[in-house]
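Residues per chain are reported as follows:
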Amino acid sequence: MSVDVATEQEQTWMARAIELATANVDTGGGPFGAVIVRDGQVVATGANRVTPDLDPTAHAEVVAIRNACRELGTFSLAGCVLVTSCEPCPMCLASAMWARVDRVLFAADRDDAAAAGFDDRAFYDAMVDPAKNPTAVVRIEIHNRNEAFDAWRNKADRVDY
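Residues numbered from 1 in each chain as written. Predicted model: local features only at pLDDT ≥ 70, side-chain atom pairs only at ≥ 80, totals over all residues. Heavy atoms only, no water.

By the naming in an unreviewed UniProt entry, the protein is Nucleoside deaminase, taken from Saccharopolyspora mangrovi.

In structure tokens form, the structure reads like this:
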């Protein structure tokens, strides 16, 4: 991870992400906000909706990615930048990677989040050392484990991603 001096435009985008995060606290959400930018324009925003929506995946970055995909009519955000008020947790970073976001910019880091009560260190640690994963992940042997993949490979009109 590198630390850069932001351009004036990046500062504006980040200010918007922080504004979303701060305003979200007043509406019952977590202190996280994000924007998706393409060609210098904000195409979508998101704020943390975990507690209001009772959805542990509704982090600001994921909400912004979902909104941007709907707005742009695509599941690929190649050519986009994710600007987020705080360093993405492993789930959000993986979501940005799956969305093919070109770049992620953040302001507060994981230590700042931990100091505010959002300590994701166990999840970061699990990405480095799977033995530290707090959730058991076990493969079950079953004869038709590749049935869905076979159907996918044989589907002539599939949309690859």
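1. Considering the pattern of salt bridges
Following the criterion strictly, the structure yields 12 salt bridges and no others. A salt bridge links Arg66 to Asp55; the shortest N-O distance between them is 3.8 Å. Of this pair, Arg66 sits in helix H3 (residues 60–72) while Asp55 sits in the loop between helix H2 (50–53) and H3; the two residues are 11 residues apart in sequence, bridging distant segments of the chain. Arg66 sits in the partly exposed class, given a relative accessible area of 35%. The salt bridge involving Arg158 is made with Asp160; its shortest N-O contact spans 2.8 Å. Arg158 gets classed as partly exposed once you look at its relative accessible area, which sits at 30%. Each of the salt bridges in this network shares a partner with another, and the network as a whole consists of Asp111, Asp119 and Arg121. (Salt bridge = Lys/Arg side-chain N within 4 Å of Asp/Glu carboxyl O. Helix = DSSP H or I, 4+ residues; strand = E, 2+ residues; numbered from the N terminus. Buried < 20%, exposed > 50% of the residue type's maximum accessible area, 1.4 Å probe, protein only.)

2. Considerations on the environment of Ala114
Checked against the element boundaries, Ala114 lands in helix H5 (residues 110–115). Among residues more than four places away in sequence, those in contact with Ala114 are Asp119 and Arg121. (Contact = heavy atoms within 4.5 Å.)

3. With respect to the nonpolar core
Counting residues in each nonpolar core, the largest one holds 17 residues, and the members touching the most others are Ile36, Ile65, Leu77, Leu82 and Val101. Listed by contribution, the elements that provide at least two residues to this core are strand E1 (33–38), H3 and strand E3 (80–86). The element that contributes the greatest number of residues to this core is H3, accounting for 5 residues. Formed by 9 residues, the second largest nonpolar core is a distinct cluster that contains Ala17, Val37, Val81 and Val83. (Core = buried A, V, L, I, M, F, W, Y, C linked by side-chain atoms within 4.5 Å.)

4. Brief notes about helix H1 (residues 8–26)
Across its 19 residues, H1 extends 28 Å between first and last C-alpha, which sits within 8% of the 27 Å expected from 1.5 Å per residue. Taken together, the buried positions of H1 are occupied by Glu10, Trp13, Met14, Ala17, Leu20, Ala21 and Asn24. Buried residues in H1, looked at end-on, bunch into an arc of 115 degrees, giving them a common side. Of the exposed residues in H1, the ones pointing more than 90 degrees away from its buried face are Glu8, Thr12, Thr22 and Asp26. Along its buried surface, H1 packs onto E1, strand E2 (41–47), E3 and strand E4 (103–108). (Expected span 1.5 Å × (residues − 1). Arc of directions from axis to C-beta.)

5. Considerations on the sheet that holds E2
The strand order across the open sheet built from 4 strands is E2-E1-E3-E4, with neighbouring strands paired in mixed fashion. Strand pairing shows two members of the sheet lacking a second neighbour, E2 and E4, which therefore form its edges. Strand-to-strand twist of the sheet, defined as the mean angle between neighbouring strand axes without regard to direction, takes the value 20 degrees. Relative to E3, E1 is paired through 5 bridges, and the arrangement is antiparallel. Within E3, the position partnered with Ile36 by the bridge is Leu82. Against the sheet, H3 makes contact with E1, E2 and E3, and its axis sits at roughly 135 degrees relative to E2, the strand it touches most. (Pairing = 2+ DSSP bridges. Axes fitted to C-alpha atoms, helices over the stretch in contact; angles between N-to-C directions.)

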